[in-house]
Amino acid sequence: MLKFMADRSGGINLQKKAVIKIMITMLVFLLGFEFSIQAFAVEQVKKAYSEYINEYAQFLNENNEEVILSAIHYKDAIGAKIFDGILLSGENSTVSYSFNLSKPGLYYIMINYKAVAGGGEIARGIRINSEYPFEEARHITFRRFYKDQHQEYKKEEGNQTFPPQIEAEVWHEFILSNSKGEPFEFFFEAGENILTIEAVDGEIWLDKIKLIPAIPLPDYKSYISKLSKSGYEFYDGEPIKIQAEDAVLKTSPSLYPINDRTSSLTEPYHPYYVVLNSIGGYAWRFPGQMIVWEVDIPKEGLYKIAFRYKQSYNRGRFSVRKLAINGEIPFAEASEIKFPYDTKFNLNYLADEDSGEEFYFYFKEGKNTISLEVCLGVFGELIERVENSLRELNKIYQDIVVVTGTSPDRYRDYNLTLLIPDLRERLILQRNDLKDIIQEINSITGDFTEANTVIEMLVITLEKIIQRPNEIGRYLADFKNNISALGYWIDSMIKQPLLLDYIIIAPADYKLPKGETNLVENFIHKVRAFIGSFKVNFDEVLASGTGQRRGIIEVWVSTGRDQYNVLRRLINESFSKEHNIDVNLRLVTPEAIIPATLTGAGPDVIIQAAASIPMNLGYRGGAYNLAQFPDFSQLKGRFSPAALGTFMYENACYALPDQMSFNVMFYRTDIFDELNIPVPKTMEELLAIVPILQKNNMDVYFITTEQPQLGAVARTGMTKNINPVYVSLLYQMDGALYHNEGESTAITSEEGINAFKYWTELYTKHNFIVSTDFVTRFRLGEIPIGVVDLTTFNSLSVAAPEIKGQWAMAVIPGTISSEGVIRHDNPVTVSGAFIVKNIVERKGTTDLAWEFLKWWTSEEAQYDFATAMESVLGLAGRYTTANIEAFKKLGWGKDNLQVLEDSLQWLRTVPQVPGGYITGRLIENAFLSVVTESESKNPVDAIYEAADAINNELVIKRREFGIE
């Protein structure tokens, strides 16, 4: 209708157009349809790389010239410095280069760079002639490289400890690539061009920038034919074996030597001790991760390459690697080497997957490098298509929800085909695309039904909606669940794990040994391993110093096997050897901590314990008062005052914080841009945008559960943290939780009552949702804004790849004080490390235990532990350390780090007091009685009832501990 009127009235003036828009808007509202004026807004379309490359695909020309630019010969530069003929590109730098081309064409951009050690993520944006050519060019990640600090573990008898990983400052030629390791092709016009490299994160040294014509690699036949014509001969000497754990470089500190005891043929072998004999495994799964080996070649010539490997992770499909010799991929087939699924080890030469012809590779005489890089290969394009489909399905879902809401009536006809005229067409297009993808995956892998189930279920749901779109109430829940499952499917398909034992560089006639044991050998191995399991305690390890021994302490950790393995490595390589204090590290259950401690059977030190544990022991005289140490005050600067204050009571300090977390606000940048609404800084600004969101059937979520407990939790049935939203509002209104360090609760003060009323009215007056799956609804766009714990950052980064770049963090909304200041007071939750008083006093190890606590909470130890955990578990395992400097060094990204630094200034303590364990539960009960019960209570009555019960418990516990 609008298009017809515009065609008939080309000369209509702006005033008449505005009147028409208003009339149509009013008509739609009268019909009862929810409508957003943003329908008339012209959305600026962001071009994806797939669209960009399709637009310029015809400019592929192998005759284009290569261009080499010296990094120091720039046209313009900001934030860059020149030292000894190389350029230092700082964290806020922008460097531009001018060059001329005789004809237009597509080019790879190769940058020879060296990372400045000690930072987080390195990322750069690329502009061509002042514009980003495609959206992905705004953020291109560069690699850091790591190596084993030493190989002392090979000299250790019994269980070997993982070698420390240190950053290696090495020059690397990097072809700019996407997050999946696939190189970008950039189009340049004929004539003068300006290439701009702008810093997003991190510092790097730049040497040269090369523009390489984007031409396909030669196939193997062309490669070997060219080498043969050049007169290179096949090697005929002895085979060369490289133990995979002896890698010289890796792009992640998680790729350290590991132990495999599943086969007696793994080298070196021991049936039950932890011997570091392989590398990779599940840690080597993300695209772009690379491992580099060095080999000394006795004679220039052609060699075969074999790997002993196991890929027992991706059932029903293969893992893919990209092989390079001396930094270059020799031929096309080497860019996609497939390692199929098998529960056993395999040892094979690299060969053509169709003909079985074994590949030969050229090596020069002397030092050579071999590298394997995780890539997606043939799956790359398919995953990209699924990602595009997922984005479009998310948009379709959001369009539907604007009409129906998130919980539609299954018996109502919503007339979707009238309100969303192109709905059926869009659904059919996505259904057909997904069907094609299923067929292509089946053609690649043969039998792949297990992984295809997710896509097939989505196709079935799409079929139902296409056939009966106006009955969307019956199918919307399934549609939503299928979309979420597709996001997880993408995440699982991207992972390409692989375990390597050794590499063989072989002559033409060398016959490989067998790759796996037979039944008898395997039986003998398992019997020996079973007998050995009674000799070795894998939950306990002794780390010893190298100098004169000062003593031994026992340390307990209860947070998990992965944390334990990383800890034992760090303690051995850093603490014990430097301080000459032996540490007996044990992995125990949280429930064992308090009984063992009170009975005198506990350890000297417990780390990563929930805040309630050291405080409960401290009241009973079970935790050592750390404030007694003369250098205690020197350690305070390591932590936020609020984090350290959690463990303070009556001038005593019973623990040092080792992990912390707090609330932040997450919001969908794409939805905020579409609706043209600002990011709220205050609660008033937030409530002002709520009607706009609700008008579009979107919700707002503030965490309604307890504040998460960090560390090992040995909770009683009544223990529950206090809701952080209520505490924030209470503190922002200048209220408090307790009087006089826990004599009585202060929640019935004027500020406490006002804060509780304000909190409950968010739900009773403004219709905030009480309970939901925030991550799922956030990624679907149903909840475009929420205040939740910082750990949600991990979940969104890992589980929502389809909205990468479409969400951001902000400081929680604040309250304007009487002085006109916006207060963002924010409670912090922590875990802690403490000394068990009766144990160290009996053993005389107080000073040794204090040395350990000082080391454990130091910037170096906390950063090393955090990066190691993230390397092992991925971003989902991010350890939010309480050491401020280490916390800032984690890979948050520049914008996110600024938000977090701003939040740190507003962190406040949640006091731990005797009997305070019940406060959180009773406040939650009061909250639920107001916002969820059919006959809701008056909020003032509810908070007074809670306060009476809290005060009773506080009095009882203070008497029990002899405080009054």
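Residues numbered from 1 in each chain as written. Predicted model: local features only at pLDDT ≥ 70, side-chain atom pairs only at ≥ 80, totals over all residues. Heavy atoms only, no water.

**Q** Can you tell me about the overall build of the protein chain, naming the residues and giving the values?
**A** Tallying secondary structure elements over the protein chain gives 28 helices and 40 strands in all. Against the compact-globule benchmark of 30 Å for 964 residues, the protein chain has a radius of gyration of 31 Å, which places it among compact chains. Projecting the C-alpha coordinates of the protein chain onto the three principal axes gives extents of approximately 95 × 90 × 60 Å. Within the protein chain, the fraction of its 964 residues that count as buried is 55%. Restricting to contacts in the protein chain with at least 6 residues of sequence separation, those with at least 24 account for 79%. For the protein chain, the accessible surface area stands at approximately 41,600 Å², while carbon and sulfur atoms represent 49% of it. (Helix = DSSP H or I, 4+ residues; strand = E, 2+ residues; numbered from the N terminus. Rg over C-alpha atoms; globule rule 2.2 N^0.38 Å. Buried < 20%, exposed > 50% of the residue type's maximum accessible area, 1.4 Å probe, protein only. Contact = heavy atoms within 4.5 Å. Areas by Shrake-Rupley, 256 points an atom, 1.4 Å probe, with all protein chains shown as cover.)

**Q** Quick rundown of the packing of helix α11 (residues 561-579) against helix α24 (residues 859-873)? Include the residues and the values.
**A** At a closest axis distance of 10 Å, the pairing of α11 and α24 adopts a crossing angle of 135°. The angle between α11 and α24 places the two elements in the oblique class. Both α11 and α24 take part in a crossing whose hand is right-handed. Packed against α11, whose contacting residues are Asp562, Gln563, Val566, Leu567, Arg569 and Leu570, the element α24 presents Ala861, Asp864, Phe865, Ala868, Met869, Val872 and Leu873 at the interface. Here the contact of α11 with α24 is built from residues that sort into 9 nonpolar, 1 polar and 3 charged. (Axes fitted to C-alpha atoms, helices over the stretch in contact; angles between N-to-C directions. Parallel < 35°, antiparallel > 145°, perpendicular 65-115°, else oblique. Left-handed = near helix turned anticlockwise from the far one by under 90°. Nonpolar A, V, L, I, M, F, W, Y, C, P; charged D, E, K, R; others polar.)

**Q** Report on the pattern of salt bridges, specifying residues and quantitative values.
**A** Scanning all chains against the criterion turns up 43 salt bridges. Two residues, Arg385 and Glu440, come together in a salt bridge whose shortest N-O distance is 2.6 Å. Of this pair, Arg385 sits in helix α5 (residues 378-404) while Glu440 sits in helix α7 (residues 423-445), and the two are 55 residues apart along the sequence. A relative accessible area of 32% means that Glu440 is categorised as partly exposed. For Asp491, the salt bridge goes to Lys495, with nearest N and O atoms at 3.4 Å. Since its relative accessible area comes to 18%, Asp491 is described here as buried. Among the charged side chains, a network of salt bridges with common partners joins Glu392, Asp399, Asp422 and Arg426. (Salt bridge = Lys/Arg side-chain N within 4 Å of Asp/Glu carboxyl O.)

**Q** Lay out the packing of aromatic side chains with the relevant residues and their values.
**A** Under the criterion given, the structure shown has 58 aromatic pairs. Geometrically, the ring pair formed by Tyr232 and Tyr362 is tilted, given 4.7 Å between the ring centres and 50° between the ring planes. On the criterion of sequence distance, the pair formed by Tyr232 in the loop between α4 (220-229) and β13 (240-243) and Tyr362 in strand β22 (residues 361-363) is long-range, its members being 130 residues apart. Judged by relative accessible area, Tyr232 falls into the partly exposed class, the value being 28%. Classification of Tyr362 by relative accessible area gives partly exposed; the value is 22%. Where Phe774 meets Phe778, the ring centres are 5.2 Å apart and the plane angle is 35°; that geometry is what we call tilted. (Phe/Tyr/Trp six-rings, centres within 6.5 Å; stacked < 30°, edge-to-face > 60°.)

**Q** Could you give me a rundown of the environment of Ile215, with the residues and numbers involved?
**A** Along the chain, Ile215 turns up in the loop between β12 (204-213) and α4. Separated by 103 residues in the primary sequence, Ile215 and Phe318 place their C-alpha atoms 27 Å from one another.

**Q** I'd like a rundown of the packing of helix α18 (residues 724-732) against helix α19 (residues 750-764), residues and numbers included.
**A** The relative placement of two packed helices is expressed as an angle between their axes plus a distance between the axes. Viewed as axis vectors pointing N to C, α18 and α19 meet at an angle of 135°, and their least axial separation amounts to 9 Å. In this view, α18 runs oblique relative to α19, as classed from their interaxial angle. The way α18 lies across α19 gives a crossing that is right-handed. Packed against α18, whose contacting residues are Val725, Tyr726, Leu729 and Leu730, the element α19 presents Glu751, Gly752, Ala755, Phe756, Tyr758 and Trp759 at the interface. Class assignment of the residues belonging to the contact of α18 with α19 gives a composition of 8 nonpolar, 1 polar and 1 charged.

**Q** Describe the domain arrangement of the protein chain, naming the residues involved and giving the relevant values.
**A** The assigned domain composition of the protein chain is domain 1 (49-213), domain 2 (220-376 + 496-515), domain 3 (380-494) and domain 4 (675-783 + 819-830 + 904-961). A separation of 56 Å is found between the C-alpha centroids of domain 2 and domain 4. (Domains from an automatic or database assignment.)

**Q** Just give me the short version of the nonpolar core, but keep the residues and values in it.
**A** Counting 157 residues, the largest nonpolar core has Met660, Phe666, Phe702, Tyr726, Trp759, Ile835 and Phe852 as its most contacted members. Split by domain, this core shows at least three residues from each of two domains, domain 2 (220-376 + 496-515) and domain 4 (675-783 + 819-830 + 904-961). Apart from residues no more than four positions distant in its own chain, Phe852 is found in contact with Ile553, Val555, Ile571, Phe575, Val583, Val605 and Ile607. (Core = buried A, V, L, I, M, F, W, Y, C linked by side-chain atoms within 4.5 Å.)

**Q** Describe in detail α4, supporting the description with residues and values.
**A** One turn of the α-helix equals 3.6 residues, which is why residues spaced by three or four share an orientation. Tyr220, Tyr223, Ile224 and Leu227 are the residues of α4 that are buried. Angularly, the buried residues of α4 cover 90° about the axis, an arc narrow enough to put them on a single face. In α4, the exposed residues that point more than 90 degrees away from the buried face are Lys221, Lys226 and Lys229. The inward-facing, buried residues of α4 contact β18 (301-310) and β22. Looking one or two places after α4, you find Gly231, whose phi comes out positive at around 90°. (Arc of directions from axis to C-beta.)

**Q** Explain the confidence of the model for the protein chain to me, using residue names and the numbers behind them.
**A** Detailed reading of the predicted model is not advised wherever pLDDT is low. For the protein chain, the mean per-residue pLDDT works out to 87, and 92% of the residues sit at or above 70. This stretch, residues 1-45, has a pLDDT under 50; its non-local contacts, to residues over four places away or in other chains, come to 25 contacts. (pLDDT = per-residue confidence, 0-100.)

**Q** Can you break down the side chain of Glu198 residue by residue, with the values?
**A** Summarising the element assignment, Glu198 is placed in strand β11 (residues 191-201). Take Glu198: its relative accessible area is 13%, and that puts it in the buried class. Dropping the residues within four chain positions of it, Glu198 is found in contact with Ser93, Thr94, Arg124, Gly125, Arg127 and Tyr132.

**Q** I'd like a description of unusual backbone geometry, backed by residues and values.
**A** The linkage connecting Glu267 with the following residue, Pro268, adopts the cis geometry, with an omega of -15°. Positionally, Pro268 belongs in the loop between β15 (258-259) and β16 (276-281). With phi around 55°, Asn129 is a residue other than glycine that occupies positive phi space. You can see Asn129 is positioned in the loop between β5 (122-128) and β6 (140-142).

**Q** I'd like to hear about α7, residue by residue, with values.
**A** Taking 1.5 Å of rise per residue, 23 residues should cover 33 Å, and α7 covers 33 Å from first to last C-alpha, within 8% of that figure. Taken together, the buried positions of α7 are occupied by Leu423, Arg426, Leu427, Gln430, Arg431, Leu434, Ile437, Ile438, Ile441 and Thr445. (Expected span 1.5 Å × (residues − 1).)

**Q** I'd love a proper account of the environment of Ile441, names of residues and values included.
**A** With respect to the helices and strands, Ile441 occurs in helix α7. Overall, Ile441 belongs to the buried group, its relative accessible area being 0%. A sequence separation of 63 residues divides Ile441 from Val378, and the C-alpha atoms of the two residues are 9.4 Å apart.

**Q** Kindly report on the environment of Thr369, identifying the contributing residues and their values.
**A** Among the secondary structure elements, Thr369 is positioned in strand β23 (residues 366-374). Thr369 gets classed as partly exposed once you look at its relative accessible area, which sits at 24%. As for Thr369 and Glu328, which are separated by 41 residues in sequence, their C-alpha atoms are 9.8 Å apart. Setting aside chain neighbours within four positions, we find Thr369 in contact with Val292, Trp293, Ala324, Ile325, Asn326 and Gly327.

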